[in-house]
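Here's the letter readout for the chains.
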Amino acid sequence: MQLRHARSLLYLPASNARAIAKARTLPCDMVMLDLEDAVPDDAKDAARASAVEALGEGFGERLTAVRINVEGTPWHGVDMVAVKATSADYVVLPKVEHPKQVKDVFSVCHKPVIAMIESAHGVLAAPAIAAGEGCAGLFMGNNDLRKDLGIPSSADRAGLAFAMQAVVLAARAAGVAVFDGVFNRLDDEAGLELECAQGHALGFDGKTLIHPAQVTVANQVFGPDAQAVADARRLIEAATGGAERFEGRMIEAMHVEEARALIARAQAVGQ
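Position numbers for residues start from 1 in each chain and track the written sequence from start to end. A pLDDT threshold of at least 70 governs which residues receive local features in this predicted model, and a stricter bar of 80 or more applies before side-chain atom pairs are shown or counted, although totals over entire chains, interfaces and linings include all residues. Only hydrogens and water are set aside when side-chain values are computed; all heavy atoms of the structure are taken into account.

Account for the environment of Ala136, with residues named and values stated.
Secondary structure counts use DSSP, requiring at least four H or I residues in a row for a helix and at least two E residues in a row for a strand, with both numbered from the N terminus. Along the chain, Ala136 turns up in strand S6 (residues 135-140). Taking C-alpha positions, Ala136 is 8.0 Å from Ala115, a pair spaced 21 residues apart along the chain. Between two residues, a contact is recorded if the distance between any of their heavy atoms is within 4.5 Å. In this structure, Ala136 is in contact with Leu3, Tyr90, Pro112, Val113, Val176 and Ala177, ignoring residues within four places of it in sequence.

Mind laying out the sheet that holds strand S5 (residues 113-117), listing which residues take part and the relevant values?
DSSP bridges decide pairing: two strands pair if at least two such bridges lie between them. What the eight strands build is a closed barrel, ordered S1-S2-S3-S4-S5-S6-S7-S8; its pairing is parallel. Strand-to-strand twist in this sheet, taken as the mean axis angle between neighbours without regard to direction, amounts to 25°. In this structure, S6 lies alongside strand S7 (residues 177-180), joined through three bridges in parallel fashion. Counted as the bridge partner of Gly137 is Ala177 from S7. With axes taken as lines fitted to C-alpha atoms, and helix axes fitted only over the stretch in contact, angles between N-to-C directions fall between 0 and 180 degrees. Strand contacts of helix H5 (residues 120-131): S5 and S6, with the helix running at about 160° to S6, the strand carrying the most contacts.

Requested: an account of the nonpolar core, with residues and values cited.
By nonpolar core we mean a set of buried residues, namely Ala, Val, Leu, Ile, Met, Phe, Trp, Tyr and Cys, connected to one another through side-chain atoms within 4.5 Å. The classification of residues rests on relative accessible area computed with a 1.4 Å probe and restricted to protein chains. Under 20% of the type maximum is buried, over 50% is exposed, and intermediate values are partly exposed. One finds Leu33 and Leu138 to be the most contacted residues of the largest nonpolar core, which totals 61 residues. Ranked by the residues each element gives to this core, the list is headed by helix H7 (residues 161-174), at six residues. Within the second largest apolar cluster, 17 residues are counted, among which are Ala6, Leu63, Ala136 and Ala177.

Can you lay out the packing of helix H10 (residues 226-238) against helix H11 (residues 253-268) for me, pointing to particular residues and giving the numbers?
Two elements in contact, H10 and H11, have axes whose closest approach is 9 Å; the angle formed by their N-to-C orientations is 135°. Here H10 is positioned oblique relative to H11, judged by the angle of their axes. Here the hand of the crossing between H10 and H11 comes out left-handed. Across the interface between the two elements, Ala228, Val229, Ala232, Arg233, Leu235 and Ile236 from H10 touch His255, Val256, Ala259, Arg260, Leu262, Ile263, Ala266 and Gln267 from H11. Any residue outside Ala, Val, Leu, Ile, Met, Phe, Trp, Tyr, Cys, Pro, Asp, Glu, Lys and Arg is labelled polar, Gly included; the first ten of those are nonpolar and the last four are charged. Taken together, the residues of the contact of H10 with H11 sort by class into 10 nonpolar, two polar and two charged. Any angle between 65 and 115 degrees counts as roughly perpendicular, while under 35 counts as roughly parallel, over 145 as roughly antiparallel, and the rest as oblique. Here is the rule for handedness: rotate from the far helix to the near one, and if that takes an anticlockwise turn smaller than a right angle the crossing is left-handed, while a clockwise turn gives right-handed.

What follows is the structure, given as structure tokens:
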């Protein structure tokens, strides 16, 4: 699966063996073993060893990633060395504010890096980060971004809208994938669905998640539905080139390309 086709990207504490085992039964598109925020300092070494072991056992056809600790911490260097030797598809790097951070990790791990944008500096540098060496995609880190911008945690996402759109623009200009941030309220399925729909409307490819119960909603919202795929197939079959009328609307080559991309996404996720 291409990274841009991923709908649901689930964070798991690398120290939680039960969560890791459960992930192998979930329909998530990516499993991300977390060595950073989800793991207390005194458990970092054990979590790293668990991540290496879990990746050795594999996660089926799911994409895999490891979120390493940020540079400047005692664990950053050893995390990179450990991840380099695993089968992880990607490295997730927190708190990125400069493309050199991504380049440095890529040069050690020899794996594509997904950069987390979690600050005002990160948002403003997002175009350079996305276009930089080793960058495969961008994640919104909305919790830290709220704090940096002074937005109350109780407020809706209106204050983040400009930053989120700026990050999507940066990713699209660089041709890399981009994913919405996590939804914190675990018992609010309606709120999760609404936030996924908002992210989808802004142009995000999928959503990062923090609980297995969130996977189904993300897959439904970010995955093409059967009707959309059927419409795309009809459009491709009907198109003859140039601008023309199709089912009451005007289409051109751009719409054919969009239809083909939709079908490719559906095929990638088994729809």
